[in-house]
Amino acid sequence: MSARNSVRLVGRLGQDAQVNHNPDGTRVVNVSMATSEKRKNTSGDYVDHAEWHKIVFWNNLADIIGEYGTKGKEISVEGVLRTRSYENNEGKKVYVTEVIVNDLALLGSKSDA
């Protein structure tokens, strides 16, 4: 089996999506997305656990999520994981892992939009 970088997530947006423009005119949206699952705690009760993900949309997908992506909107994304690094204000190297989206599905009813 060959190696493949692929991820699919279904969750809810953590904030309203806002389209930004790079100096070259490329459109981009950066949002957080929560996925959740039920886990058993130490006393045997089931509790919800949320995991937060950094999601990046480019160009046409940025336009779509920019128009319809509101806080709490349920979406499904498919893409690849990318890790990048930068230096923060204190000069320390920070690593960020993001999902670069190549497929988007808006879920829920029309009234959710």
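Rules of the game
- Residues numbered from 1 in each chain as written.
- Predicted model: local features only at pLDDT ≥ 70, side-chain atom pairs only at ≥ 80, totals over all residues.
- Heavy atoms only, no water.
- Helix = DSSP H or I, 4+ residues; strand = E, 2+ residues; numbered from the N terminus.
- Buried < 20%, exposed > 50% of the residue type's maximum accessible area, 1.4 Å probe, protein only.
- Patch = residues over 30% accessible without salt bridge, like charges linked within 9 Å, V, L, I, M, F, W, Y side chains within 5 Å.
- Areas by Shrake-Rupley, 256 points an atom, 1.4 Å probe, with all protein chains shown as cover.
- Salt bridge = Lys/Arg side-chain N within 4 Å of Asp/Glu carboxyl O.
- Pairing = 2+ DSSP bridges.
- Polar contact = N/O pair within 3.5 Å; in protein donor to acceptor, adjacent residues only side chain to side chain.
- Contact = heavy atoms within 4.5 Å.
- Core = buried A, V, L, I, M, F, W, Y, C linked by side-chain atoms within 4.5 Å.

Student: What's the story with the overall build of the protein in this structure? I'm lost.
Tutor: Along the protein, the regular secondary structure elements total one helix and six strands. Element order for the protein, N to C, with α for helix and β for strand: β-β-β-β-α-β-β. Considering only C-alpha atoms, the protein reaches an extent of 55 × 45 × 40 Å along its principal axes. Residues classed as buried in the protein amount to 29% of the 113 residues present.

Student: Would you explain a nonpolar patch on the surface in this entry?
Tutor: A cluster of nonpolar side chains, Ile64, Tyr68 and Leu106, forms an exposed patch at the surface whose accessible area comes to about 230 Å². Structurally, leucine 106 can be placed in strand S6 (residues 93–106).

Student: Explanation requested: the pairing of strand S5 (residues 74–87) in the structure shown.
Tutor: For a regular strand, side-chain orientation follows a simple rule: the groups alternate between the two sheet faces. Two elements, strand S1 (residues 7–13) and S5, share six bridges in a ladder whose sense is antiparallel. The partner of leucine 9 across the bridge, within S5, is valine 77. Here S5 pairs with S6 via 13 bridges, running antiparallel. Residue pairing in the sheet places valine 77 in a bridge with leucine 104 of S6. Counting the residues that bridge the hairpin from S5 to S6 gives five residues, and of these glycine 91 lies at a positive phi of roughly 80 degrees.

Student: Is there a simple way to think about the pattern of salt bridges in this case?
Tutor: A pair can form between side chains of opposite charge whenever their charged atoms are brought close. Tallied over the full model, the rule gives six salt bridges. Between glutamate 74 and arginine 12 there is a salt bridge whose closest N-O contact spans 3.9 Å. One end of the pair, glutamate 74, is in strand S5; the other, arginine 12, is in strand S1, and 62 residues separate them in sequence. Note that aspartate 48 is salt-bridged to lysine 38, the shortest N-O span being 3.0 Å. With aspartate 48 in strand S4 (residues 46–58) and lysine 38 in strand S3 (residues 27–40), the pair connects residues that are 10 residues apart, well separated along the chain. Both residues of the pair, aspartate 48 and lysine 38, belong to the exposed class.

Student: What am I meant to see in the side chain of threonine 35 here?
Tutor: Note that threonine 35 resides in strand S3. Judged by its relative accessible area of 16%, threonine 35 falls in the buried class. A polar contact is formed between the side chain of threonine 35 and the side chain of histidine 53, at a distance of 2.8 Å. With residues up to four places along the chain from it excluded, the contact list for threonine 35 reads Leu9, Val10, Gly11, His49, Ala50, Glu51 and His53.

Student: Looking at this model, I keep getting lost on the nonpolar core. Mind explaining?
Tutor: Nonpolar side chains in soluble globular proteins generally cluster together in the buried interior. Ranked by internal contacts, the top residues of the largest apolar core, which has 17 residues, are Ile55, Phe57, Ile65, Ile75, Val77, Val101 and Leu104. Those elements giving two or more residues to this core turn out to be S1, S3, S4, helix H1 (59–68), S5 and S6. Setting aside residues up to four positions removed in sequence, valine 77 forms contacts with Val7, Arg8, Leu9, Met33, Phe57, Val101, Asp103 and Leu104.

Student: Explain the pairing of S3 to me, please; I cannot follow it from the model alone.
Tutor: Note that S1 and S3 share two bridges and pair antiparallel. When the bridges of S3 are listed, leucine 13 appears paired with methionine 33. Across two bridges, strand S2 (residues 20–21) lies against S3 in antiparallel orientation. Bridge pairing links histidine 21 to arginine 27 in S3. In this structure, the hairpin formed by S2 and S3 is closed by a connection of five residues, where glycine 25 is found at a positive phi of approximately 95 degrees. With 13 bridges joining them, S3 and S4 adopt antiparallel strand pairing. Bridge pairing links glutamate 37 to histidine 49 in S4.

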